[in-house]
Amino acid sequence: MTSRFALNPRRRLLSRLRADYFGSLPSGVMTLLSVAFLLWIGWTILDWAVLRASFSATARQAECVASGGACWSVIAARWRVILFGLYPYEEQWRSALACLVVIIVIFLSCLPKFWTFGRLAATWVLGTALFYILMRGGVFGLAPVNEQQWGGLPLTLFIFVATSVLGMPMAIALALMRRSDLPVISRVSGLLIDTVRSLPLLSILFTFAIVLPFMLPDALNGPKLYRVIFGGALFFAAYQAEIIRGGFQGIPNGQEEAAKALGLTYWQRTGRIVLPQAFRLALPATINQFVITFMETSLVVVVGFVELLAAANAAFQTGEWKFAYVEVYAFISVIYFSFVFGLSRYGAYLESRMNAGQRKE
Amino acid sequence: MAGALSWKSRTVRNAVLQAVFVAALGTLIVLGIVTTRANLAAQGLTSGFDFLWKSTSWEMNFTLLPAGPTDPYWWYLVLGLMNTLFMGVIGLAGATVLGLAVGLMRTARNPSVRLMGTIYIELFRNLPVIVQLFFWYTVANSLPPPRQAIEAGGFLLSSRGIYVPGLAVSRGTTALAVLFGVLGVAACFWILFSRRFRALDAAPRRRLMLTAVGVGMAAAALVLFLGLDPTAPWLSLPQPQGLKVQGGFRIQPEFYSLAVTIITYGAAYIGEIVRGGFKAVGRGQTEAARALGLSPWQVFSRVRMPLAFRAMLPILINQYVWLIKATTLGIAVGFSDFFMVIATSINHSGQTIEFIGLLMAGFLLINFSLSSVLNRLNRAIALKGRQTGGAA
């Protein structure tokens, strides 16, 4: 059938579409059913979220319920709490600016131009420092704001960035230790990696937040936020170390042997030959790990931090807005989704770009 | 040789380096233990595992077997472990079934079906799992109170939980019956994959498997029958009564919101694994099967499915271990899994180090046994020898 229309692109397209959507009776039924289902879902959401929704910033429960649709008034009334948590109201422009800094840092590190060790490290360390100064204050005439008052999106982003900045060097160290020729060092590092990987992240966060104070002398006991970030970084490092190890395994032995034959030292071989290639091979998995880490920041709600999720919970649990929880969750879901979906699409794009040379056909 | 002992010798340098490393690590650990003991002693606590036999004085809000505040800690830990495994089994089974459906949708030829699968996966995979959990939990708690519970076919939906019609038996009886049923199914799988039964022909082996399942189910039915309360009707239906609900079997919001989260979230990941597995089945295999005149169902069930299963099992094992760990999220909504029992115990007893040790041991045990069972399964069905062309 296809061959008869082979020379006419439009007819060919039509016949292919027909074969795809109505190739057989079950397929046709499935098409009709799924299209009907998608249309119904789409219409329901459109009707609820736009057509019958109440957008007025002053509307209260009665008006919202009467309209029968989404009550976006809750966002209009509470968006500051959701986004910035308990951060002092007059200083919230600093929170917003700090978020912008992080977004710029993430954006810059997505550009291939920044893919040298020096530039990436500089961007992330500078970005983190700028973020910290903006949020913490106490210098340049900014009023000091304690970490306990941080909340909402900036806290989520801070935990993500700090975990990554701290975790990446740890991951590299663990991965190098694991492939070390010294048996004791590689065994210990292997044991550490495997133990951390077999534990749930929640239990690690819990240990660092609540149990660690018992185990450390008081002098080493930082604020809870930094202990939790350290725990998250350890968890990140254990997974990322295995990803880097996967990268190591993809490098032909000849590379390192040639470097040795040229008389390069261990650090030269590692820094110039092995690590860059390992990272290139491990790039898709690394980005996936960043995506997972971003989503896992929301777990700190369990040890009592008011990040985006906890702030959202607080925003509708005040009695007055209790009925509008779907709207609040929809709002933060859009925020999470845009970060995560954007990053993972970018990862997929990179993967296809890197495979362009090896693609068959 | 004098050179052998000098700093320039690589052997000496390596030995010294490792000795220093071990010494530093040892010092760190010893310091940690000393500090902990000092801190605990300052609070009047002694280390050791004697507390395991003390009674807990608090209650778990979800148990499979009867428990009360006078029960000792070790019993609570066992119950917590059971809850984790229970949730894990339900979550893994549900996520696998739903994930298989989603994965098949993603590999369908029909683009509109494919689109539905894609939307599902992108939606559930790109939102943090704890956000989903809080959402479902809030939904569960926003159901009407028991007085105005929604009735649907003998079910009662209320903010106190979902009430389903249940047999009038005690909880211990149900647990025993489920145990027998699970044992039967496990024996069936053992016969399917163990080397001992390899020598048998397909027909007697299948008969043996059916017998195993049948005996297990019969034992379960017998236990249930013997456990029935003779004075009451054998099926108890939930009835709203004042502020509460009488009769029926209550599924707590904590439990089912966590189960729904793990199933839907896990299914999104498993769906992608399933799709990858089917993509790994060579076109040649399918075409050859079709050329032999197999029906579409036979091509699927006898050729594509087994080959895809072989390709996806190693990744699936990791995903299962990961999902089991995700049951610890229960602490966020108050489902008493192993981790929550540990956390509550630490709060009440102060025996921090011991409980953290037990926590690690428990999860190492779960993960190790799960992955070793699945790895045996993987070895049993993996391609033998070094042939790689088949599934690639």
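Residues numbered from 1 in each chain as written. Chains lettered and ligands numbered in written order. Predicted model: local features only at pLDDT ≥ 70, side-chain atom pairs only at ≥ 80, totals over all residues.

Student: What exactly am I supposed to notice about the overall build of chain A here?
Tutor: A tally of helices and strands in chain A yields 14 helices and 0 strands. Reading the secondary structure of chain A in the N-to-C direction produces α-α-α-α-α-α-α-α-α-α-α-α-α-α. Its C-alpha atoms give chain A a radius of gyration of 26 Å, clearly above 21 Å, the size a compact globule of 361 residues would have. Structurally, chain A occupies a C-alpha span of about 70 × 70 × 40 Å along its principal axes. Within chain A, the proportion of its 361 residues that are buried is 34%. Considering only residue pairs separated by 6 or more positions, chain A has 66% of its internal contacts joining residues 24 or more positions apart. (Helix = DSSP H or I, 4+ residues; strand = E, 2+ residues; numbered from the N terminus. Rg over C-alpha atoms; globule rule 2.2 N^0.38 Å. Buried ≥ 20, exposed ≤ 12 C-beta atoms within 10 Å, placed from the backbone. Contact = placed C-beta atoms within 7 Å.)

Student: It is not clear to me how the environment of Gly42 of chain A should be interpreted in this structure. Could you clarify?
Tutor: Residues and elements named next belong to chain A. In this structure, Gly42 sits in helix α2 (residues 25-51). For Gly42, a count of 10 C-beta atoms within 10 Å translates into the label exposed. Residues Gly42 and Gln149, spaced 107 residues apart in sequence, show a C-alpha to C-alpha distance of 40 Å.

Student: Explain the interface of chain A and chain B here, please?
Tutor: Accessible area lost on assembly of the parts is the figure often given for the size of an interface. Facing the 41 residues of chain A at the interface are 41 residues of chain B. Where the side of chain A that touches chain B is concerned, the elements lending two or more residues are α1 (9-22), α2, α8 (183-198), α9 (201-215), α13 (308-316) and α14 (325-354) of chain A. If you tally residues by element for the side of chain A that touches chain B, the top one is α14 of chain A, at 9 residues. The residue makeup of the side of chain A that touches chain B, split by class, is 29 nonpolar, 11 polar and 1 charged. (Nonpolar A, V, L, I, M, F, W, Y, C, P; charged D, E, K, R; others polar.)

Student: Looking at this model, I keep getting lost on the packing of helix α2 (residues 73-107) of chain B against helix α11 (residues 338-349) of chain B. Mind explaining?
Tutor: Residues and elements named next belong to chain B. Contact geometry for α2 and α11: axes closest at 7 Å, N-to-C directions at 150 degrees. Taken together, α2 and α11 sit at an angle that is classed as roughly antiparallel. Here Tyr73, Tyr76, Leu77, Gly80, Leu81, Asn83 and Thr84 of α2 lie close against α11, whose contacting residues are Phe338, Val341 and Ser345. Here the residues of the contact of α2 with α11 sort into 6 nonpolar, 4 polar and no charged. (Axes fitted to C-alpha atoms, helices over the stretch in contact; angles between N-to-C directions. Parallel < 35°, antiparallel > 145°, perpendicular 65-115°, else oblique.)

Student: Just to check I follow, could you spell out α2 of chain A for this structure?
Tutor: Since the α-helix advances by 3.6 residues per turn, residues separated by three or four positions end up pointing in the same direction. With 27 residues, α2 of chain A should cover 39 Å at 1.5 Å per step; its first-to-last C-alpha distance of 37 Å lies within 8% of that length. Judged by how many residues are buried, α2 of chain A sits mostly at the surface: 2 of 27 residues are covered. (Expected span 1.5 Å × (residues − 1).)

Student: Any chance you could explain the nonpolar core here in plain terms?
Tutor: Generally speaking, a soluble globular protein has its nonpolar side chains buried in company with each other. Counting residues in hydrophobic clusters, the biggest one holds 153 residues, and the most contacted among them are Val328 of chain A together with Ile130 of chain B. Other than its neighbours up to four places away in sequence, Val328 of chain A contacts Val74, Ile82, Ala312, Ala315 and Phe316 of chain A. (Core = buried A, V, L, I, M, F, W, Y, C linked by C-beta atoms within 7 Å.)

Student: Just checking my understanding: could you explain the sheet that holds strand β3 (residues 161-164) of chain B for this structure?
Tutor: Remark on secondary structure: sheet strands pair via backbone hydrogen bonds, oriented parallel or antiparallel. All names here are of chain B. Spatially, β1-β2-β3-β8 is the arrangement adopted by the 4 strands of the open sheet, whose pairing is antiparallel. This sheet does not close on itself; its edge strands, each paired only once, are β1 (150-152) and β8 (249-251). In this sheet, adjacent strand axes meet at a mean angle of 20 degrees when their direction is disregarded. (Pairing = 2+ DSSP bridges.)

Student: It is not clear to me how the packing of helix α7 (residues 253-279) of chain B against helix α9 (residues 296-326) of chain B should be interpreted in this structure. Could you clarify?
Tutor: Residues and elements named next belong to chain B. Contact geometry of α7 with α9 gives a least axis separation of 8 Å together with a crossing angle of 150 degrees. Relative to α9, the element α7 is oriented roughly antiparallel. In terms of crossing hand, the pair formed by α7 and α9 is right-handed. Within the contact between the two elements, α7 uses Ile262, Gly266, Tyr269, Ile270, Ile273, Val274, Gly276, Gly277 and Phe278 and α9 uses Arg304, Ala308, Phe309, Ala311, Met312, Ile315, Leu316, Gln319, Leu323 and Ala326. For the contact of α7 with α9, a count of residues per class yields 14 nonpolar, 4 polar and 1 charged. (Left-handed = near helix turned anticlockwise from the far one by under 90°.)

Student: Would you mind showing me how to read the pairing of strand β2 (residues 155-158) of chain B here?
Tutor: One face of the sheet, then the other: side chains in a regular strand alternate in exactly this way. Residue and element names in this part refer to chain B. Burial of the side chains of β2 is restricted to one face: Leu156 and Ser158 are buried, whereas none of Phe155 and Leu157 on the reverse face is. Two strands pair when backbone bridges link them, and β1 and β2 are joined in this way by 3 bridges, in the antiparallel orientation. Looking at β2, one finds that Ile150 is bridged to Leu157. Two elements, β2 and β3, share 3 bridges in a ladder whose sense is antiparallel. Each residue of the ladder has a partner; that of Leu156, found in β3, is Tyr163.

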